[in-house]
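Spelled out from the first residue to the last, the chains are:
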Protein chains: 2
Amino acid sequence: MTEPAPHMTPEQFRQHGHEVVDWIADYWSRIESFPVRSQVSPGEVRAALPPAAPERGEPVSAILADLDRVVLPGLTHWQHPGFFGYFPANTSGPSVLGDLVSAGLGVQGMSWVTSPAATELEQHVMDWFADLLGLPAAFRSTGAGGGVIQDSSSGANLVALLAALHRASRGGTVRHGVEPDRATVYVSAETHSSMEKAVRIAGLGSDAVRIVEVDENLAMRPEALAARLERDVARGYTPVLVCATVGTTSTTAVDPLAQLGPICQRYGVWLHVDAAYAGVSAVVPELRPLQDGVEWADSYTTDAHKWLLTGFDATLFWVADRAALTGALGILPEYLRNAVTDAGTVVDYRDWQIELGRRFRALKLWFVVRWYGAEGLRAHIRGHVALAQELAAWAEADERFDVVMPHPLSLVCLRPRWADGVDADVATMTLLERLDDGGQVFLTHTTVNGSAVLRVAIGSPATTRAHVERLWALLRENHDWLATDFAAAAAEREAARAAAAAVLQGPAPS
Amino acid sequence: MTEPAPHMTPEQFRQHGHEVVDWIADYWSRIESFPVRSQVSPGEVRAALPPAAPERGEPVSAILADLDRVVLPGLTHWQHPGFFGYFPANTSGPSVLGDLVSAGLGVQGMSWVTSPAATELEQHVMDWFADLLGLPAAFRSTGAGGGVIQDSSSGANLVALLAALHRASRGGTVRHGVEPDRATVYVSAETHSSMEKAVRIAGLGSDAVRIVEVDENLAMRPEALAARLERDVARGYTPVLVCATVGTTSTTAVDPLAQLGPICQRYGVWLHVDAAYAGVSAVVPELRPLQDGVEWADSYTTDAHKWLLTGFDATLFWVADRAALTGALGILPEYLRNAVTDAGTVVDYRDWQIELGRRFRALKLWFVVRWYGAEGLRAHIRGHVALAQELAAWAEADERFDVVMPHPLSLVCLRPRWADGVDADVATMTLLERLDDGGQVFLTHTTVNGSAVLRVAIGSPATTRAHVERLWALLRENHDWLATDFAAAAAEREAARAAAAAVLQGPAPS
């Protein structure tokens, strides 16, 4: 007879659970003692781990010790108040607690019957958020549409495309597949790369992507979209989906939904709105005009796990006609059949997503919205937007930086100014590396109209005005240091060039 | 000026975290006091929730009270020792702790640089598991392949198909999309439905699916596969992928990898092995012969979140040639560029999956394997297999039940015997409903050779021999009760039929 497995008893879990909670509380308390960006080199973390799994079990204390020894140095600290990179992936105490309950319950919400509360709390919370964000009535579960939590906006963009393909083919894709030579999908050069990835995953290939021109603010030009649609239809293509973005990844540009919507309707094209980062800002009424025209959307995605205090993954996705989604994704093998599903009286969320299995993700959203309340969520968003506007004002008033592109939310794009003759992109990227190497802050970059700019995304709940002031001081200090250096190098190059020119202008070689 | 958001402080988190840990420990301690299957009706959970999100924040105590009041009655308790439905989705204390750490850190592992430890610990743990499961050297990160955590085997089946399409088209799918009229995918009628769903998502349409015949044990017949491939190639089709299953969902049938592998190689078809449930059993050396021939696999998936004590989602996916996967899924926008990615010295897992964002899921696997050790994992699997074999032996020896199909692992399929004249499927499904309504146990069903059978999947860590004995007693008791009832009804029907026949055989109507 073999020894029974050494399961952790509830009482052991109670003890170790308290230890891990304390470890996290301590981590949050001391997070500013870490460099924001990890300073390890490739392979360093693995080199600190044993080559094989342990044969015998180890105590929790040993694992926690290795968290400190091996894992923490290998982290880029996304919850650090000096984290200004990418978009935030902010979380919060209530989110962690909700997720902990979900892990502890360990239920699987693939079908209504496999845990009714998992499905119904999700429907309910999604309706709450549709209200909180001022989204159209068509997205409520009470009508033909509904909301569902997806793993990411990448996943949401994919399922939106699959639903659009299903509708455009009147269901033909289910049996016959797609028509890569005919189907077309419309984005701008600023659309998130996940939309092109979705087009590839769905079997269309990237040649199906039409890149619609943008205006001076990097927003999709409605007349350009209309012209492309007109031309493609005339040539026999089948336009399937237009992806409009509210808050692009590069600069938070906003495509004009109110003008794009009627065009999509005219051509019978599915309008998908990717508001991954910016959508949650609509909890604040004064920011809702950014997405005027959202009522034209066939589907809409925004990430509570970016800027709404909920840990990854918690994408809020709505569709106006859920039948297109479940038509594309529904499948019912015998072992999942049950009375309420057969009767059609319930929603089975497995048919709304790529995967079959589902965690109880609504819990963390529920914890967040209840702990903060609507007013707490608004205060959170308003606080970051205010900080971003302050930073932009400081930069506008400073001759060392240009603020490029509108900054209606909490992302500010800065283009450092450099002396004539300096390779601006090299200098800007050098400035970025110096800041990130310093460990107090972490920024990332993008390109705008072909030149490198620094992105400052304010989004950590721990970020205060003092942290933004510190960032601003570091930006100026490091710019001063580098500007002198780069200008001197440029002047040297210019002098050398002039000297070489003088030689060339001298007596011709014999 | 607006009020600052009421963020939960680290000290508040410490306090409430302890409360939630205690709540979970208490839940685990009292889990047997709940009916396994939720007894709520559709809409009941939502009716207990307020129609709108709260305007003002609420204390954690209020949320925990609603967990008890609203959520718990709406759960089907997957961790209950009487849960024998579907496949298990077992979790464990160490898994919950690892996931809690992940939630508390709140890092995003889309690229190596965004948290090196998230990528490297995952690579490392996946190599550990390749060792623990005796998987081929080709799957190790040290060669051309590698492992990655996927959200589910549904997702794994999809990315395997995308990689296979990429290889079969020599990369052509990236730009030109798929060829739904030519590409073919091979499954058996027992293959999980997610493979057909993947075929639809990938744009091929379900007509591309070829259903290969199975033998009397519901295993794919190699000669039938060879014949179908031969015929399809002759007709100009392009066979892309064969999905072989180790442990089908219905009955844990095992497709013969050692014979399928050479056939796939001969036709240049990608061999994907879906071992979602059964794969983890290979931690036990004596169970490895089930997947003899796994070295032929181009890709392989098994779910640590089913039967290996790790909470959903934790699918272990390996590929022998990672270039096919990243070729299909890689995309690099400017804002994700960085020095180590450009240098090609690191793995960026975002290019191994559908989504861009990633949680630090390796932590929970790391906690599990360290707490249990390899020997603890083996004991866990061996314990369940032993219980299943005991149950099967009891049923074999009992005239009320037939054990259908081989049961090498922890699933036993039982076909209740009923008297002549009884509609066996109706009686079996009635027995199932009675058991599930009783609340002490939860089973699900499938069909084998067209008739309904009960599936008993032993997989909860809390399940002991006493729970299986109780299930067996309930099966017999309820069978006895129903058998009498159904036999009486059948006899009545037969008597009525005989009486009607007698009338009909009387004088002809005038």
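Just above sits the structure.
Residues numbered from 1 in each chain as written. Chains lettered and ligands numbered in written order. Predicted model: local features only at pLDDT ≥ 70, side-chain atom pairs only at ≥ 80, totals over all residues. Heavy atoms only, no water.

K.L.:
How should I be thinking about the relation of the copies chain A and chain B in this particular structure?
P.N.:
In summary, the two copies of the chain are related to each other by a rotation about an axis coupled with a shift along it. Mapping chain A onto chain B is achieved by rotating through 180° and translating by 0.0 Å along the same axis, at an RMSD of 0.1 Å. Here the symmetry operator amounts to a two-fold rotation axis. Of all interface residues in chain A, 100% are interface residues in chain B too; the two copies therefore contact each other through one and the same surface. (Least-squares fit on C-alpha atoms with pLDDT ≥ 70 in both. Contact = heavy atoms within 4.5 Å.)

K.L.:
Please explain the sheet that holds strand E5 (residues 270-274) of chain B as it appears in this structure.
P.N.:
Residue and element names in this part refer to chain B. The seven strands lie next to each other as E1-E7-E6-E5-E4-E2-E3, forming an open sheet whose pairing is mixed. On the outer flanks of this sheet lie strand E1 (146-150) and strand E3 (209-212), each paired with one strand and no other. Recorded for the sheet is a direction-independent mean angle of 20° between the axes of neighbouring strands. As judged from the five bridges shared by strand E6 (residues 299-303) and strand E7 (residues 315-319), these two strands associate in the antiparallel manner. Across the sheet, residue Thr-301 finds its bridge partner in E7, namely Phe-317. Docked against the sheet, helix H5 (residues 116-132) engages E1 and E7, running at close to 85° with respect to E7. (Pairing = 2+ DSSP bridges. Helix = DSSP H or I, 4+ residues; strand = E, 2+ residues; numbered from the N terminus. Axes fitted to C-alpha atoms, helices over the stretch in contact; angles between N-to-C directions.)

K.L.:
What am I meant to see in the interface of chain A and chain B here?
P.N.:
Interface size is commonly expressed as the accessible surface area that is lost when the partners come together. Of the residues lining the interface, 157 residues belong to chain A; the matching set on chain B comes to 157 residues. Buried surface at the junction of chain A and chain B, summed over both partners, amounts to about 14,000 Å²; 64% is from carbon and sulfur atoms. When the area that chain A buries against chain B is broken down by residue, the three leading residues are A:Arg46, A:Tyr335 and A:Trp371, summing to 6%. Taken together, the links from chain A to chain B amount to 16 salt bridges. The closest approach of N and O atoms between B:Asp22 and A:Arg14, which form a salt bridge, is 3.4 Å. On inspection of chain A and its partner chain B, the count reaches 80 residue pairs in polar contact (both at pLDDT 80 or more). For the side of chain A that touches chain B, the leading source of residues is helix H1 (residues 10-29) of chain A, giving 18 residues. (Buried area = accessible area lost by both parts, 1.4 Å probe. Salt bridge = Lys/Arg side-chain N within 4 Å of Asp/Glu carboxyl O. Polar contact = N/O pair within 3.5 Å; in protein donor to acceptor, adjacent residues only side chain to side chain.)

K.L.:
Is there a simple way to explain the nonpolar core in this structure?
P.N.:
Grouped together as the largest cluster of nonpolar side chains are 242 residues, with contacts concentrated most on A:Trp366 and B:Trp366. Setting aside its immediate chain neighbours within four residues, A:Trp366 contacts A:Leu121, A:Val125, A:Trp128, B:Leu49, B:Ile63, B:Asp66, B:Leu67 and B:Val71. A:Val148, A:Ile354, B:Ala160 and B:Tyr349 belong to the second-largest nonpolar core, a separate cluster that totals 72 residues. (Core = buried A, V, L, I, M, F, W, Y, C linked by side-chain atoms within 4.5 Å. Buried < 20%, exposed > 50% of the residue type's maximum accessible area, 1.4 Å probe, protein only.)

K.L.:
Is there a simple way to think about unusual backbone geometry in this case?
P.N.:
Excluding glycine, most residues fall at negative phi; most peptide bonds, likewise, are trans. Each neighbour pair has its own omega, and for A:Phe312 with A:Asp313 the value is 5°, a cis peptide bond. In this structure, A:Asp313 sits in the loop between helix H11 (304-307) and strand E7 (315-319). Positive phi outside glycine occurs at B:Leu218, with the angle close to 70°. Here B:Leu218 is to be found in the loop between E3 and helix H9 (222-234). Despite not being glycine, B:Asn449 has its phi angle at roughly 50°, a positive value. Checked against the element boundaries, B:Asn449 lands in the loop between strand E10 (444-448) and strand E11 (451-457).

K.L.:
What's the story with the pattern of salt bridges in this structure? I'm lost.
P.N.:
When their charged atoms lie close together, side chains carrying opposite charge are able to pair. By the definition in use, this model includes 68 salt bridges over all chains. For the salt bridge of A:Arg56 with B:Glu375, the shortest nitrogen-to-oxygen distance reads 3.0 Å. Here A:Arg56 is found in the loop between helix H2 (44-47) and helix H3 (60-71), whereas its partner B:Glu375 is found in helix H14 (residues 362-396) on a different chain. Looking at B:Glu375, the relative accessible area reads 32%, which means it is partly exposed. Across the salt bridge formed by B:Asp298 and B:Arg167, the nearest N and O atoms sit 3.2 Å from each other. Note that B:Asp298 is positioned in the loop between E5 and E6 and B:Arg167 in helix H6 (residues 153-168), a separation of 131 residues in sequence. You can call B:Arg167 partly exposed: its relative accessible area is 34%. The network of salt bridges with common partners includes A:Asp99, A:Asp313, A:Arg359, A:Arg361 and A:Lys364.

K.L.:
Teacher, can you tell me more about the layout of surface pockets here?
P.N.:
The method is simple in principle: a probe with the dimensions of a water molecule rolls over the atoms, and the space it marks as empty is what remains. Estimated volume of the largest pocket: approximately 540 Å³. In terms of lining residues, the largest pocket is bounded by 27 residues, among which A:Arg337, A:Asn338, A:Ala339, B:Arg37 and B:Glu433 are the most central. If you list the elements that add at least two residues to the lining of the largest pocket, you get helix H13 (339-343) of chain A together with helix H15 (424-438) and E10 of chain B. Here the element with the most residues in the lining of the largest pocket is H15(B); it accounts for six residues. Within the lining of the largest pocket, the residues separate by chemical class into 13 nonpolar, six polar and eight charged. (1 Å grid on protein atoms, 1.4 Å probe; cavity = no way out; pocket = protein on both sides within 12 Å on 5 of 7 lines; lining within 4 Å. Points joined across faces, edges and corners; volume = space filled by probe spheres on them. Nonpolar A, V, L, I, M, F, W, Y, C, P; charged D, E, K, R; others polar.)

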